[in-house]
Amino acid sequence: MGKIIALHSYKGGTGKTLISVNLAATYARKGKDVCLLDLDFRAPSLHVIFRVDGAEYWLNDYLSGVCGIEKVLIDVTPKNPGKGKFLVGLANPTTEAIREMSAKDRKWEMRALGRLLSLKNSVLNDMHMDYIIFDTSPGLQYSSINAIVGADTVLVITGTDTSDIEGTQRMIHELYDLFEKKTAIIMNKVPCEVLPSKNQKRILRERYNINHTMPLMEVIPCSCDILRAGGTYIFSEEKPDHPFSKTLAKIASYIEAN
Amino acid sequence: MYKSLEKKPTIILQKIKESLDQLNDKMDVMIEIQRHNQKETQIMPDGTLDVMTLLSLPDHLRKTAVTLCKLGEGTADQIAELTKRARAVESGYLNQLVLMGYLRKERRGRKAYFYAEKQA
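Residues numbered from 1 in each chain as written. Chains lettered and ligands numbered in written order. Predicted model: local features only at pLDDT ≥ 70, side-chain atom pairs only at ≥ 80, totals over all residues.

A. Representation of the overall build of chain B within the structure. Of the regular secondary structure elements, chain B holds five helices and three strands. Helices and strands in chain B line up, N terminus first, as α-α-α-β-α-α-β-β. When the 120 residues of chain B are sorted by exposure, 21% land in the buried category. Sequence-distant contacts in chain B: of pairs separated by 6 or more residues, those separated by 24 or more amount to 48%. (Helix = DSSP H or I, 4+ residues; strand = E, 2+ residues; numbered from the N terminus. Buried ≥ 20, exposed ≤ 12 C-beta atoms within 10 Å, placed from the backbone. Contact = placed C-beta atoms within 7 Å.)

If you want it as structure tokens, here you go:
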């Protein structure tokens with residue numbers, strides 16, 4: 001059976017969406033069928049990356065019980081042969097929809113959790129997809145915690161900011177551990193000058209005071225190439241040999257094997 | 001002989017006192033359980049099992065509740081199979097969640113089904 005991966009962070013702007021999109025593209029390039037869902041209802045962004053002007057149904061509709069998940073998913077599989085299927089589910093970016101989603105009551109959130117949990121059957125079992133990737137809102141939002149409960153593996157993206165690292169360490173013990181989730185930390189946007197060639201993780205742990213209970217999976221250096229791309233294309237598809245794309249391939253293989 | 005007759009009522013009274021003490025202890029436990037349940041019901045009068053509620057539950061009950069959320073509805077047997085805990089243990093936890101107002105229980109034939117919300 002396939003896997004559900006949630007990408008989460010304590011603070012915003014850590015690179016969750018960039019990593020989600022490129023991780024999904026990496027799996028598709030490896031021939032895996034992948035479904036990427038935008039669960040960041042406060043700041044939807046996948047519609048811009050995949051250049052979708054308007055969708056008939058959004059994930060908001062699926063979670064409200066208006067339609068089935070198959071009505072929401074849009075096929076964005078690149079034309080190149082040998083690649084896996086690549087589907088995306090978008091969050092409604094209109095101000096009205098964002099306002100509406102932030103005012104949902106606990107009963108609605110409970111039902112939304114049920115619908116997220118049922119994706120395992122509908123998408124992984126019935127549609128035979130290999131991976132579902134949840135791109136979530138930062139912090140302790142209802143939609144993010146729902147996504148964490150529904151996921152098999154949680155990738156937590158952190159920057160080098162002290163408050164981000166401290167918040168991430170707290171979430172490990174007070175959130176992910178409580179739901180018994182496989183958790184791995186990805187440290188993103190690390191300045192190149194603090195990255196030694198050897199014992200990278202040990203030195204980073206010492207420098208940023210990262211305790212040993214924090215499962216640091218991978219380190220992604222700060223890259224001007226990614227900043228230059230400005231989210232106008234899927235980086236790992238266009239530049240598969242770039243160090244960033246290679247790091248994502250390592251992350252993808254690690255999740256596949258565990 | 002007189003001495004043993006004098007002692008007998010004292011022994012009987014002593015035994016009655018011990019039994020009363022044991023009863024008192026049991027009553028204290030029951031009152032405490034009742035108080036605890038009332039407190040939980042006051043916090044969550046609508047019995048909604050959302051993620052924030054799941055976070056507030058003790059570890060052993062959270063595991064049962066999350067498993068039930070994944071199934072939608074289920075019996076103690078089905079939950080025990082997924083949590084790898086004994087059926088009797090899961091049955092106890094499920095009934096505790098019913099008492100706390102988070103779950104509902106419905107008998108169908110000989111089996112008891114638990115759910116947070118009736119499925120469409």
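B. Structural detail: the confidence of the model for chain B. Residue and element names in this part refer to chain B. Mean pLDDT over chain B stands at 85; residues scoring 70 or higher make up 83%. Mean pLDDT per element in chain B: helix α1 (residues 2-43) is the minimum at 74, and helix α4 (residues 76-83) is the maximum at 97. Across the predicted assembly, pTM comes out at 0.84 and ipTM at 0.85. (pLDDT = per-residue confidence, 0-100.)

C. View of the interface of chain B and chain A. Tallying the contact residues gives twelve residues for chain B and 13 residues for chain A. Mapped onto the side of chain B that touches chain A, the elements with two or more residues apiece are α2 (51-56) and α3 (59-71) of chain B. At four residues, α3 of chain B tops the list of elements feeding residues into the side of chain B that touches chain A. Residue composition of the side of chain B that touches chain A, by class: six nonpolar, two polar and four charged. (Nonpolar A, V, L, I, M, F, W, Y, C, P; charged D, E, K, R; others polar.)

D. Summary view of the sheet that holds strand β1 (residues 73-74) of chain B. Residues and elements named next belong to chain B. Strand order in the open sheet formed by three strands is β1-β3-β2, with antiparallel pairing between adjacent strands. The outermost strands of the open sheet, each flanked by one partner alone, are β1 and β2 (104-108). Relative to strand β3 (residues 111-115), β2 runs antiparallel, the two sharing five bridges. Looking at the pairing, R104 lines up with Y115 of β3. (Pairing = 2+ DSSP bridges.)

E. The arrangement of α4 of chain B in detail. Residue and element names in this part refer to chain B. Of all the residues in α4, the buried ones are A76, I79 and A80. Viewed end-on, α4 has its buried residues packed into an arc of 100°, placing them on one side of the element. Buried positions along α4 lie against α3, β1 and α5 (87-99). Taken from the residues just after α4, K84 is the one with a positive phi, measuring 60°. (Arc of directions from axis to C-beta.)

F. Summary view of the sheet that holds strand β4 (residues 86-89) of chain A. All names here are of chain A. If you walk across this open sheet you meet the eight strands as β3-β4-β2-β5-β1-β6-β7-β8, and the pairing is mixed. Edge strands, defined here as strands with exactly one partner in the open sheet, are β3 (74-75) and β8 (216-221). Contacts from helix α1 (residues 16-29) reach β1 (3-8), β2 (34-39), β4, β5 (131-136), β6 (153-158) and β7 (182-190) within the one sheet, and its direction differs from that of β5 by about 170°. (Axes fitted to C-alpha atoms, helices over the stretch in contact; angles between N-to-C directions.)

G. Fine view of α5 of chain B. All names here are of chain B. With 13 residues, α5 should reach 18 Å at 1.5 Å per residue; the first-to-last C-alpha distance of 18 Å fits that figure. Inspection of α5 places E90, Y93, L94 and L97 among the buried residues, and these make up the whole buried set. End-on view of α5: buried residues confined to an arc of 100°, all on one side of the axis. As for α5, its buried residues are in contact with α3, α4 and β3. Within two residues after α5, G101 carries a phi angle of roughly 90°, on the positive side. (Expected span 1.5 Å × (residues − 1).)

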